[in-house]
Amino acid sequence: MSAPTPAPDLLRIATAGSVDDGKSTLVGRLLFDTKSVLADQIDAVTKASVDRGMDTPDLSLLVDGLRAEREQGITIDVAYRYFATPARSFVLADTPGHVQYTRNTVSGASTAQLVILLVDARSGVVAQTRRHAAVMALLGVPRLVLAVNKIDLVDNPGEVFAEISAEFNQITASLGYSSDLVQEIPVSALHGDNVAIRSENTPYYDGPTLIEHLESVPNDVDRGRAQDGEEHLRSVGLRFPVQYVIRPRTPEYPDYRGYAGQIAAGRVSVGDEIVVQPSGIRTTIAKIDTADGELETAHTGRSVTLLLTDDVDISRGDLISSVTDAPEPAQQFTATVCWLAEKALRPGARLLLKHGAKTTQVIISSLDALFDEQDLAVLDAPETVELNQIGRISLMTAEPIAADDYQVNRESGSFLIIDPQGGNTLGAGLIGDALAPLHLSQAAAV
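Residues numbered from 1 in each chain as written. Predicted model: local features only at pLDDT ≥ 70, side-chain atom pairs only at ≥ 80, totals over all residues. Heavy atoms only, no water.

Counting its regular elements, the protein chain contains 8 helices and 25 strands. For the protein chain, the residues scored as buried account for 52% of the 446 residues in total. Summing over all exposed atoms, the protein chain offers an accessible surface of approximately 20,600 Å²; the carbon and sulfur share of this is 49%. (Helix = DSSP H or I, 4+ residues; strand = E, 2+ residues; numbered from the N terminus. Buried < 20%, exposed > 50% of the residue type's maximum accessible area, 1.4 Å probe, protein only. Areas by Shrake-Rupley, 256 points an atom, 1.4 Å probe, with all protein chains shown as cover.)

Here it is in structure tokens:
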């Protein structure tokens, strides 16, 4: 019997860009060209397009599901789609283009390993392009693709593509991206040029199609950028936020005590020594249970239940981590926050902070800096952080938080700020100073 064919690996991607750059059409084209939509869906889109007086199917309708989006021809919410090729599977987040929906873009791109930034070849790099590139850098997205869309609608497309690429490369270099982490591709989402099939209409371009690039790009979930701009591999041990304590207390399992959750980083094996934060108690892994049976080793992303050799007092929100690089619990720290609420953030605000499964009270000690995404500059000591703005703040929590710097690990270095009254999410936070590369680039320019 031949060995089973291994499943293709998974790449998480997102799209971003300004309004009418063609994001939803490109996503629809990706779904269509990879045969990831049913025939009746294509028929429905074709009929809707004919009713609108269009000659070709409007593939954006495969993505824009909200009624308001269909009527306005824009994307408001984050639409998640799944498609696959023989080489790889993909989860794609199609994010909004309007400035007022930047918070949705942050949400959609927060877990992405690669983001496709679209620009209209007729407009080139615009303010929203700069804003989105900056957001991706702050979120630590490892790789970018610049898709210069509607390239068929401009005169001298080769020159236009070269000019837009050069301007975009200047921006991304300022944000800490090396040239090998950014790929520029001229495309026509409407006609499919250089999406899945290499186009004869772009003789000035000899690079990969979009699908070829997505299939071949390294799936480097642990890749980041050092503060000097050099690429490095983030290496972090076990991070396991405890979501639930399982104690059946049944005749079959009278003494069972397991700690359930999802491995946020690293891996865990039976016999490993671990430390429980914030208490600092050490013990070892006795057993790893899953819905499919026991495991000897479990890796990042796996949902498991850990059993320990010692009877340790552990609660929901505690962190089980490797001993060698366990994060030090702290109550005062610096963070970068993207503000998502209509009401501005001010110093002294008393809110809630949710890190993993742990929620605690937090006071905003100070607002230290504000990021100007258009000039790629950092402004000191703002009075407020407004909706869709990004700033560096100082926090003080009521209980110790065991967290990594976001540049070390995205999962264990991120948190949410929550309204204690209504429970609404007010801000998305990154532990540490994600603006540091901009400080360095500003200092070098002086």
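Right, picking up where we left off after that structure.
Most often, soluble globular proteins keep nonpolar side chains buried together rather than apart. Within the largest apolar cluster, 66 residues are counted, with the highest numbers of intra-cluster contacts made by Ile 13, Val 115, Ile 116 and Tyr 177. With 7 residues, the top contributor of residues to this core is helix 5 (residues 127-139). Apart from residues lying up to four places away in sequence, Ile 116 is in contact with Ile 13, Ala 14, Thr 15, Ala 16, Leu 26, Val 145, Ala 147, Leu 210 and Leu 214. Counting residues in each nonpolar core, the second largest holds 21 residues, with Ala 341, Leu 367, Leu 370 and Leu 395 among its members. (Core = buried A, V, L, I, M, F, W, Y, C linked by side-chain atoms within 4.5 Å. Contact = heavy atoms within 4.5 Å.)

A complete count under the given rule lists 14 salt bridges for this structure. The salt bridge partner of Asp 9 is Arg 88, with a shortest N-O separation of 3.0 Å. Taken together, the residues span a long stretch of sequence, with Asp 9 in strand 1 (residues 9-17) and Arg 88 in strand 3 (residues 88-94) at a distance of 79 residues. Given the relative accessible area of 30%, Asp 9 is considered partly exposed. Judged by relative accessible area, Arg 88 falls into the buried class, the value being 5%. Close ionic contact of Arg 302 with Asp 292 constitutes a salt bridge, the shortest N to O distance being 3.8 Å. Here Asp 292 lies in the loop between strand 14 (281-290) and strand 15 (293-295) and Arg 302 lies in the loop between strand 16 (297-299) and strand 17 (303-308), a separation of 10 residues in the sequence. What makes Arg 302 partly exposed here is its relative accessible area of 32%. (Salt bridge = Lys/Arg side-chain N within 4 Å of Asp/Glu carboxyl O.)

Two faces, one strand: in a regular strand the side chains alternate between the faces of the sheet. Taken across its 5 residues, strand 6 (residues 182-186) has 5 buried, putting it largely inside the fold. Pairing geometry for strand 5 (residues 143-149) and strand 6, over 5 bridges, is parallel. The residue of strand 6 that forms the bridge with Leu 146 is Glu 184. One crossover worth recording links strand 5 to the parallel strand 6 by way of helix 6 (residues 157-174), and it is right-handed. (Pairing = 2+ DSSP bridges. Right-handed = clockwise from strand over helix to strand, strands pointing away.)

Most of helix 1 (residues 23-33) sits out of view: 9 of its 11 residues are buried. Those residues of helix 1 that sit buried are Lys 23, Ser 24, Thr 25, Leu 26, Val 27, Gly 28, Arg 29, Leu 30 and Leu 31. Taken from the residues just after helix 1, Lys 35 is the one with a positive phi, measuring 55 degrees.

The next subject is unusual backbone geometry. Note the cis peptide between Gln 277 and Pro 278, where omega equals 15 degrees. Although it is not a glycine, Lys 35 adopts a positive phi angle of roughly 55 degrees. In this structure, Lys 35 sits in the loop between helix 1 and helix 2 (39-51). For Lys 35, a relative accessible area of 73% translates into the label exposed. For Ala 381, which is not a glycine, the phi torsion comes out positive at approximately 50 degrees.

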